[in-house]
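# Notes for the structure review
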Amino acid sequence: MVKALIFDMDGLMVDSEPIWREAEIAVFNEHGLSLTPAECKQTMGLRIDEVVHYWKAKTGLPFNSQKVEESIVEEMRQRLLNEAKPMPGFMELFDEAHGQNLKLSVASSSYPVLIKAVTERFQITHKLDAIVSASECEFGKPHPDVFLKTAKILNIAPIESLVFEDSLNGVIAGKSAQMSVIAVPDEEDFKKPQFSIADETIESLTSFKLSKWLIK
């Protein structure tokens, strides 16, 4: 029986990719690099430090990589606090699970300060039993480290956990941790056969039925 729900953040709880692009464009522009949204898509999936190094190597501009990285993270934090909106169905599912006294947690590859910004924006921080960033783990997804650490904090067995992920790496990580996984890929990835390793694949959290996972 499921005792805990574990949520990825980016693309699952919040549609953060457009906000990332806006933050990158704003900060890079201050350092002499005018990026378009299409150019920002070239670095989707990279960590922000990797994005900064990519554009510095490509353009040869003499900006301080660490300062640019820190500025983008801070810009992103502010935008998440002011603009972040929950993905369809997330708040409804979260509230339903909380009402069922299930343990609730976030296990994300994002920076801790950004996870905090989103949970504060959604006013759910006090309802979470654990917040774990893969940046604080030895290995990132698709390694199961972040999910195993979350289960340990929650004091439950991995098999008692239900993970929600939008990325294939996240799905692989959840299954490698011996957890049940609900995949919620974006429209472009929905029909990829690789997602068949998930226990269930849905187009939106609005169509997820928690009740069937609570049957003993």
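Refer to the preceding data block for the structure.
Residues numbered from 1 in each chain as written. Predicted model: local features only at pLDDT ≥ 70, side-chain atom pairs only at ≥ 80, totals over all residues. Heavy atoms only, no water.

### Focus: the nonpolar core
Note the following rule: Working definition of a nonpolar core: buried Ala, Val, Leu, Ile, Met, Phe, Trp, Tyr and Cys residues. They are joined through side-chain atoms within 4.5 Å. Only protein chains enter the area calculation, which uses a 1.4 Å probe; residues under 20% of their type maximum are buried, those over 50% are exposed, and those in between are partly exposed. Only heavy atoms enter the contact rule, under which two residues are in contact if any of them lie within 4.5 Å.
Within the largest apolar cluster, 51 residues are counted, with the highest numbers of intra-cluster contacts made by Leu 5, Phe 7, Met 13, Phe 28 and Phe 164. Aside from chain neighbours lying at most four places away, what touches Leu 5 is Leu 93, Ala 97, Leu 102, Lys 103, Leu 104, Ser 105, Leu 162, Phe 164 and Leu 210. One finds Ala 4, Ala 173, Ala 183 and Phe 195 within the second-largest nonpolar core, a separate group that totals 21 residues.

### Let's talk about unusual backbone geometry
The cut-off we apply is this: Under the scheme used here, helices are H or I runs from DSSP no shorter than 4 residues and strands are E runs no shorter than 2 residues, and both carry numbers assigned from the N terminus.
A positive phi angle, near 65°, is found at Asn 101, a position not held by glycine. As for its placement among the helices and strands, Asn 101 is situated in the loop between helix H5 (90–99) and strand E2 (103–108). You will see that Asn 155, though not glycine, has its phi angle at about 60°, which is positive. Locating Asn 155 in the fold gives a position in the loop between helix H7 (145–154) and strand E4 (161–165).

### Considerations on the environment of Glu 22
For Glu 22, the position within the fold is in helix H1 (residues 17–30). In this structure the C-alpha to C-alpha distance between Glu 22 and Thr 36, which are 14 residues apart in sequence, comes to 9.4 Å. Ignoring sequence-local partners within four residues, the contact set of Glu 22 consists of Arg 79 and Glu 83.

### Points about a negative patch on the surface
Put simply, the test is: What goes into a patch is any residue over 30% in relative accessible area without a salt bridge, connected to like charges within 9 Å or, for nonpolar side chains (Val, Leu, Ile, Met, Phe, Trp, Tyr), within 5 Å. Using the Shrake-Rupley algorithm and a 1.4 Å probe, accessible areas are obtained, with residue cover drawn only from the displayed protein chains. A carboxyl oxygen of Asp or Glu within 4 Å of a side-chain nitrogen of Lys or Arg is what we treat as a salt bridge. Charged residues are defined narrowly, with Lys and Arg counted positive, Asp and Glu counted negative, and His plus the chain ends left uncounted. A charged residue contributes its charge at one atom only: NZ of Lys, CZ of Arg, CG of Asp or CD of Glu.
A cluster of acidic residues, Asp 186, Glu 187, Glu 188 and Glu 203, forms a negative patch on the protein surface. Take Glu 188: its relative accessible area is 75%, and that puts it in the exposed class.

### Brief notes about the sheet that holds strand E3 (residues 130–133)
What counts is decided by this rule: DSSP calls a pair of strands paired once it identifies at least 2 bridges connecting them. The axes used here are C-alpha line fits, helices contributing only the stretch in contact, and every angle between their N-to-C directions lies in the interval 0 to 180 degrees.
Within the open sheet, the six strands sit side by side as E3-E2-E1-E4-E5-E6. Their pairing is parallel. Either end of the sheet is taken by a strand with one partner, and the two such strands are E3 and strand E6 (200–201). Of the pairings in the sheet, the one linking strand E1 (residues 4–7) to E4 comprises four bridges and is parallel in character. Bridge assignment links Leu 5 to a residue of E4, and that residue is Leu 162. Contacting E1, E2 and E4, H5 runs over the sheet at an angle of about 155° to E1. Lying on the sheet, helix H6 (residues 112–121) is in contact with E2 and E3; it crosses E3 at an angle near 145°.

### Considering the pairing of E2
The buried count for E2 comes to five of six residues, which makes it a mostly enclosed element. Judged from the four bridges that link them, E1 and E2 form a sheet pairing that is parallel. Counted as the bridge partner of Leu 5 is Leu 104 from E2.

### Quick notes on the packing of aromatic side chains
Heads up, the rule is: Side-chain rings of Phe, Tyr and Trp (the six-membered ring for Trp) are treated as a pair once their centres are within 6.5 Å; stacked means planes under 30 degrees apart, edge-to-face means over 60, and tilted covers the remaining angles.
In the structure shown here, the tally under the stated rule is eight aromatic pairs. Ring centres 5.8 Å apart and planes at 45° place the aromatic pair Phe 90 and Phe 94 in the tilted group. Of this pair, Phe 90 and Phe 94 are both found in helix H5, four residues apart, which corresponds to roughly one turn of the helix. Across the pair, exposure class does not vary: Phe 90 and Phe 94 are buried alike. For the pair Phe 164 and Phe 208, a centre-to-centre distance of 5.0 Å together with 85° between the ring planes defines the contact as edge-to-face. With Phe 164 in strand E4 and Phe 208 in the segment after E6, the pair connects residues that are 44 residues apart, well separated along the chain. Connected via pairs of aromatic rings, a cluster forms that spans Phe 7, Phe 90, Phe 94, Phe 122, Phe 164 and Phe 208.

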